[in-house]
Amino acid sequence: MSKIDIEGEYEPGQDNIQLSGFDFHNPVFPFSAVIAVLVSGLVLIMPGPASELLLSLRNQLMSGFDWFFSLSVSLITLFILFLCFSPLGRLRLGGANAKPEFGIVSWVCMLFSAGVGIGMTFYGAAEPLAYYTGWYGTPFNVEANSAAAENLALGATLFNWGIGPWSVYALVGLGIAYFTMNSGLPMAPRSLLYPVFGQSTWGWPGHIVDMLAILATVFGLATSLGLGARQAASGLSFLFGVDGGLPTQIAFIILIAIVTVASVVRGLDRGIRILSNFTMALAVLLLIYILVTGPGAAIFMSYGEALAQYARAYLPLSNFIGREDTTYFHGWTIFYWAWWISWSPFVGLFLARISRGRTVREFIAVTLLAPLAIATIWFSSFGTAAIYQAKNGVGALAGGIGDVSLVLFQLFENLPLGELASLIGLLLLIVFFVTSSDSGALVIDSVAAGGKTDTPLTQRVFWACIISLFAVVLLVGGGAKALDSLQAWTLMAALPFTFVLFITAYALVKTMWTDLQSLEKNKKVGSDRPASET
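Residues take numbers from 1 onward in each chain, read along the sequence in its written order. Per-residue local features of the predicted model are confined to residues with pLDDT of at least 70, and side-chain atom pairs are confined, for both listing and counting, to 80 or more; whole-chain, interface and lining totals are unaffected and use all residues. Side-chain measures here rest on the full set of heavy atoms in the structure, leaving out hydrogens and waters.

Asker: How would you summarise the overall build of the protein chain if you had to cite specific residues and measurements?
Answerer: Secondary structure follows DSSP: runs of H or I at least 4 residues long count as helices, runs of E at least 2 residues long count as strands, and numbering of each begins at the N terminus. When helices and strands are counted, the protein chain shows 16 helices and two strands. Throughout, the radius of gyration refers to the C-alpha atoms, and the reference size of a globule is 2.2 Å times the residue count to the power 0.38. In terms of overall dimensions, the protein chain is globule-like: its C-alpha atoms have a radius of gyration of 23 Å, near the 24 Å expected for 534 residues. Taking the principal axes of the C-alpha coordinates as reference, the protein chain spans close to 80 × 55 × 45 Å. Counting all 534 residues of the protein chain, 61% fall into the buried class. Contact between two residues is taken to exist if any of their heavy atoms lie within 4.5 Å; hydrogens are not considered. Once local pairs closer than 6 in sequence are excluded, the contacts in the protein chain between residues at least 24 apart make up 83%. Within the structure as shown, the protein chain displays about 19500 Å² of accessible surface, and the carbon and sulfur contribution to it stands at 65%. Per-residue accessibility, obtained with a 1.4 Å probe over protein chains only, is compared with the maximum for each type, and a residue is labelled buried under 20%, exposed over 50%, and partly exposed between these values. Surface accessibility in these figures is a Shrake-Rupley result with a 1.4 Å probe; residues are shielded only by whichever protein chains are displayed.

Asker: Kindly report on the pattern of salt bridges, identifying the contributing residues and their values.
Answerer: What counts as a salt bridge is simple: a side-chain nitrogen of Lys or Arg found within 4 Å of a carboxyl oxygen of Asp or Glu. A complete count under the given rule lists seven salt bridges for this structure. The partner of Lys-391 in a salt bridge is Glu-150, and the shortest N-O contact between them spans 3.2 Å. Placement of Lys-391 in helix α12 (residues 360-391) and of Glu-150 in helix α5 (residues 147-161) is noted, with a sequence separation of 241 residues between them. Given a relative accessible area of 30%, Glu-150 falls into the partly exposed group. We note a salt bridge from Arg-312 to Glu-305, for which the minimum N-O separation is 3.2 Å. According to the relative accessible area criterion, Glu-305 is partly exposed, its value standing at 34%.

Asker: Tell me what's going on with helix α2 (residues 47-85), and back it up with residues and numbers.
Answerer: Given the number of residues in a helix, its expected span is that number minus one, multiplied by 1.5 Å. Between the first and last C-alpha of α2 there are merely 50 Å, a value that for 39 residues lags more than 12% behind the 57 Å anticipated at 1.5 Å per step. A maximum bend of about 65° is found in α2 at Phe-65. We define the bend at any residue as the angle between the axes fitted to the seven residues before and including it, ending there, and the seven starting there.

Asker: So what about the packing of α2 against α12? Which residues, and what values?
Answerer: In the contact formed by α2 and α12, the axes pass within 8 Å of each other and the chain directions differ by 135°. It follows from the interaxial angle that α2 and α12 lie oblique. Crossing handedness for the pair α2 and α12: left-handed. Here Ile-80, Leu-81, Leu-83, Cys-84 and Phe-85 of α2 come into contact with α12, specifically with Arg-361, Ile-364 and Leu-368. Residue polarity is assigned by list, with Asp, Glu, Lys and Arg as charged and Ala, Val, Leu, Ile, Met, Phe, Trp, Tyr, Cys and Pro as nonpolar; anything else, Gly included, falls into the polar class. In the contact of α2 with α12, the residues fall into seven nonpolar, no polar and one charged. Here an axis means a line fitted to C-alpha atoms, over the contact stretch when the element is a helix, while the angle between two N-to-C directions is reported on a 0 to 180 degree scale. An angle below 35 degrees is treated as roughly parallel, one above 145 as roughly antiparallel, one from 65 to 115 as roughly perpendicular, and anything else as oblique. Left-handed describes a crossing in which the near helix is turned anticlockwise from the far one by less than a right angle; the clockwise case is right-handed.

Asker: Lay out the nonpolar core with the relevant residues and their values.
Answerer: Side chains of nonpolar character tend, in soluble globular proteins, to be buried together. Counting 175 residues, the largest nonpolar core has Tyr-123, Phe-382 and Phe-412 as the members making the most contacts within it. When residues of this core are assigned to their parent elements, the largest contribution, 19 residues, is made by helix α11 (residues 326-354). Here Phe-382 is in contact with Gly-124, Ala-125, Leu-286, Leu-287, Ile-290, Leu-408, Leu-411 and Phe-412, once residues within four sequence places are set aside. As used here, the term nonpolar core means buried Ala, Val, Leu, Ile, Met, Phe, Trp, Tyr and Cys residues forming a set that is joined through side-chain atoms within 4.5 Å.

Asker: Run through unusual backbone geometry, naming residues and quoting values.
Answerer: Cis peptide bonds are those with omega within 30 degrees of zero, and the linkage from Asn-26 to Pro-27 qualifies with 15°. Checked against the element boundaries, Pro-27 lands in the loop between β2 (22-25) and α1 (28-45). Here Phe-140, not a glycine, exhibits a phi torsion of approximately 60°, which is positive. Assignment of secondary structure puts Phe-140 in the loop between α4 (126-133) and α5. With relative accessibility at 33%, the residue Phe-140 sits in the partly exposed group. At Leu-417, a position not held by glycine, the phi torsion is positive, near 55°. Summarising the element assignment, Leu-417 is placed in the loop between α13 (407-413) and α14 (418-448).

Asker: I'd like a description of the side chain of Ser-234, backed by residues and values.
Answerer: The topology assignment puts Ser-234 in helix α8 (residues 204-240). Among the residues examined, Ser-234 registers a relative accessible area of 9% and is labelled buried. For the purposes of these results, a polar contact is taken to be a pair of N or O atoms within 3.5 Å, where, inside protein, one atom must be able to donate a hydrogen and its partner to accept one; residues adjacent in sequence count only when each atom of the pair is a side-chain atom. At 2.6 Å, the side chain of Ser-234 and the side chain of Ser-405 are in polar contact. Contacts of Ser-234, omitting those with residues within four sequence positions, involve Asp-403, Ser-405 and Leu-406.

Asker: Got a sec to walk through the packing of aromatic side chains? Specific residues and values, please.
Answerer: Aromatic ring pairs are defined here through the distance separating the ring centres and the angle between the ring planes. For Phe, Tyr and Trp, where Trp contributes only its six-membered ring, two rings pair if their centres lie within 6.5 Å, and the inter-plane angle classes them as stacked under 30 degrees, edge-to-face over 60, or tilted in between. Per the stated rule, a full pass over the model turns up 40 aromatic pairs. Here the aromatic rings of Phe-22 and Phe-462 are separated by 5.9 Å at their centres, their planes lie at 80°, and the arrangement is edge-to-face. With a gap of 440 residues between them, Phe-22 in strand β2 and Phe-462 in helix α15 (residues 457-478) connect regions that are remote in the sequence. Residue Phe-462 is classed as partly exposed on the basis of its relative accessible area, which comes to 24%.

Asker: An account of the environment of Met-46 is needed here, citing residue identities and associated values.
Answerer: Assignment of secondary structure puts Met-46 in the loop between α1 and α2. As for Met-46 and Val-476, which are separated by 430 residues in sequence, their C-alpha atoms are 9.9 Å apart.

Asker: Which residues make up the confidence of the model for the protein chain, and what are the values?
Answerer: Should the pLDDT be low somewhere, the predicted coordinates at that spot are not to be read in detail. Confidence scores here are pLDDT values: one per residue, from the predictor, ranging 0 to 100. Per-residue confidence for the protein chain averages 86 on the pLDDT scale, and 92% of its residues sit at or above 70. In this model residues 530-534 is a low-confidence stretch, pLDDT under 50, and it forms one contact with partners more than four residues away in sequence or in other chains.

Asker: Residues and numbers for the environment of Asn-392, please.
Answerer: As for its placement among the helices and strands, Asn-392 is situated in the loop between α12 and α13. Residue Asn-392 is classed as partly exposed on the basis of its relative accessible area of 47%. Sequence spacing of Asn-392 and Phe-252 is 140 residues, and the spatial spacing of their C-alpha atoms is 35 Å.

Asker: Before we move on, could you go through a nonpolar patch on the surface and cite the residues and values that matter?
Answerer: A cluster of nonpolar residues, Val-34, Leu-38, Leu-42, Ile-45 and Met-46, forms a patch on the protein surface that exposes about 500 Å² of accessible area. Among the secondary structure elements, Leu-42 is positioned in helix α1. Residues form patches when they are more than 30% accessible in relative terms and have no salt bridge. Like charges link within 9 Å. Nonpolar side chains (Val, Leu, Ile, Met, Phe, Trp, Tyr) link within 5 Å.

Asker: Now, about helix α10 (residues 296-318): what can you tell me, with residues and values included?
Answerer: Helical geometry: 3.6 residues make up each α-helical turn, so side chains three or four residues apart lie on a common side. Relative to the 33 Å expected for 23 residues at 1.5 Å per residue, α10 spans 32 Å between its end C-alpha atoms, a close match to the ideal helical length. The largest bend along α10 measures about 40° and falls at Arg-312, with the proline Pro-316 one to four residues further on. Of the residues making up α10, those classed as buried are Gly-296, Ile-299, Ser-302, Tyr-303, Ala-306, Gln-309, Tyr-310, Ala-313, Leu-317 and Ser-318.

Asker: Could you give an account of the pairing of β2, with specific residues and numbers?
Answerer: Here four bridges tie strand β1 (residues 16-19) to β2, and the two strands are oriented antiparallel to one another. Across the sheet, Gln-18 pairs through a bridge with Asp-23, a residue of β2. Two strands pair under a simple rule: DSSP has to find at least two bridges between them. Between β1 and the antiparallel strand that follows it, β2, lie two residues; Ser-20 among them carries a positive phi value of about 50°.

Asker: Tell me about the packing of α5 against α12, and please be specific about residues and values.
Answerer: Interhelical geometry of α5 versus α12 gives an angle of 150° and a closest axis separation of 10 Å. It follows from the interaxial angle that α5 and α12 lie roughly antiparallel. Regarding α5 and α12, the two cross each other, and that crossing is right-handed. Packed against α5, whose contacting residues are Glu-150, Ala-153, Leu-154, Thr-157, Leu-158 and Trp-161, the element α12 presents Ala-375, Thr-376, Phe-379, Ser-380, Thr-384, Ile-387 and Lys-391 at the interface. A breakdown of the residues in the contact of α5 with α12 according to their chemical character gives seven nonpolar, four polar and two charged.

Below you can see the structure in the form of structure tokens.
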């Protein structure tokens, strides 16, 4: 166990209130719930002014804090790599004798499904094609539809989905897992503060961090659900002629909420784990389809080229000084960095829940490399196929991107069994929806219950409904520019939580270094002990 000196035993949920079938932390639960519901109500009542305000905030945050988000992700990546390769990587989550609860395949499936599933389905074909055609700017302002744009398309995509963002997830996940499993602290973001703030962690500093984590998770999940709803509605319109407007998007979110509640009832092992494995099976099926029916040779060659592009472009894309490609830099990279940070409390807590028994080095290596490998295969496969159609004048993509949410379906339209592939894509989106909402409800509920994990079922159902409600509100409040509205909420959630990430990094090094020294001292004492004493 860690040598953190906990002054007085703090039991998870000791400040909770039991009321009407709920078991919640006071004041974290009521404040978070009231803020989420109040903001939702105001946006619904005044959608016009709300949309204008959100767009203004989005532009101000992107122009004023682009350097901060960019520098923060770079520093966090360096820190996580340091932990992985340093002697601290030998420490094990849960103690020296802890054993993993899940096999490596299920573990990777769960972390991937919860972390990026919806986004990769939405942007799998669209993002590389967007960088090639200049749909919303190109990296470094290279000429659209040129060889230079093609040579950056996959590398720039991996930059936004690779080691950088997953370092953010790894930091929060490792911090919560270590302080919970090795130091006996509650499984809540406030535990990240304890090595720095001590007993104040159980007061308002901790309350504020937990509330930030809840709201950041609600905003981040709602952003992803909003993007997914747009794509699902566009797919239904494209395939069946159904109106893909706001009513269809809202109906889709309500349907997902119902399915999510059913998954919540089944629990972590029977619900999320099974759905995550099923999701990965669907993703592999769709991947095999694009390899067989698409430009297979070009796709296979693109895997190595994508990694080479990623390596060449990593440092230039990380640079935030003197950037002139502000359309790309703000609209893609900075939005992504904020998106990852706003998701980090959710994904980090979920990673902590499923990672007992892993060494720090194993945790970091898998959390960084497995998603990078999956992203390389996924984006290269679908992105190369989309760029191939655009370059060769095949179908709707020959004219570039019209509606970004339609790109995947327009890609399938020109391939054999395209309608069947589109239906599988829709099903994949639905299951990703459910796993993200269910995982999010699980995490938010634990935080709002003071770190307890055995909370009433009705409480998790409540948070699943809140996430869906907020996704609807964001779409309604954003009006015709719903995507910009989603970006504004993401930026607002991410900015304050970035400071928590830096506190986490310091707290981890402080605690883990002390633990490592203690471990090595105990080993030395054991090796020096005479044989008669052993």
